[in-house]
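As a plain string of letters, each chain reads:
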Amino acid sequence: MTRLADARTCVVHEMPPAGGSYTTCCLSLPAELPTSDVFTHDPGRVTCTVRRTAELPADDDRGESPFGWSDLP
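Right, let's walk through the structure included here. Note that the structure is a prediction, hence the values are computed from the model and not measured.

## As for the overall build of the chain
Then comes step 1: Summing up its helical and strand segments, the chain has one helix and two strands in all.
Then comes step 2: Reading the secondary structure of the chain in the N-to-C direction produces α-β-β.
Then comes step 3: In the chain, which comprises 73 residues, the proportion classed as buried is 18%.
Then comes step 4: Of the accessible surface of the chain, which amounts to about 6300 Å², a share of 57% is contributed by carbon and sulfur atoms.

## Quick word on the side chain of Asp-37
Then comes step 1: Relative to the helices and strands, Asp-37 resides in the loop between β1 (12–14) and β2 (38–40).
Then comes step 2: Excluding anything up to four places from it in sequence, Asp-37 contacts Val-11 and His-13.

## A look at the side chain of Ser-28
Then comes step 1: Position of Ser-28 among the secondary structure elements: in the loop between β1 and β2.
Then comes step 2: Residue classification places Ser-28 among the buried residues on the basis of a relative accessible area of 0%.
Then comes step 3: When neighbours within four sequence positions are excluded, Ser-28 is seen to be in contact with Ser-21, Tyr-22, Thr-23, Leu-33 and Arg-52.

## A closer look at unusual backbone geometry
Then comes step 1: The residue Leu-27 is not glycine, and still its phi comes out positive at about 55°.
Then comes step 2: Within the secondary structure layout, Leu-27 lies in the loop between β1 and β2.
Then comes step 3: For Leu-27, a relative accessible area of 34% gives the class partly exposed.

What counts as what
Residues numbered from 1 in each chain as written. Predicted model: local features only at pLDDT ≥ 70, side-chain atom pairs only at ≥ 80, totals over all residues. Heavy atoms only, no water. Helix = DSSP H or I, 4+ residues; strand = E, 2+ residues; numbered from the N terminus. Buried < 20%, exposed > 50% of the residue type's maximum accessible area, 1.4 Å probe, protein only. Areas by Shrake-Rupley, 256 points an atom, 1.4 Å probe, with all protein chains shown as cover. Contact = heavy atoms within 4.5 Å.

Right under this line is the structure:
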């Protein structure tokens, strides 16, 4: 009975897609989430309400390629 009660109070996250690392519900790595949280493939069972924006690295090389050439204006 304790396990069922825990299942009702824990957060359910959507599993990362095949080949992916981050959950689609909150963009978290599964290892970053509390061990009490569980995962599902069914989007209808997801209870996670946290929404994060993806943190993309800033392009600070001003368009220069790693090979040393730049885009022409």
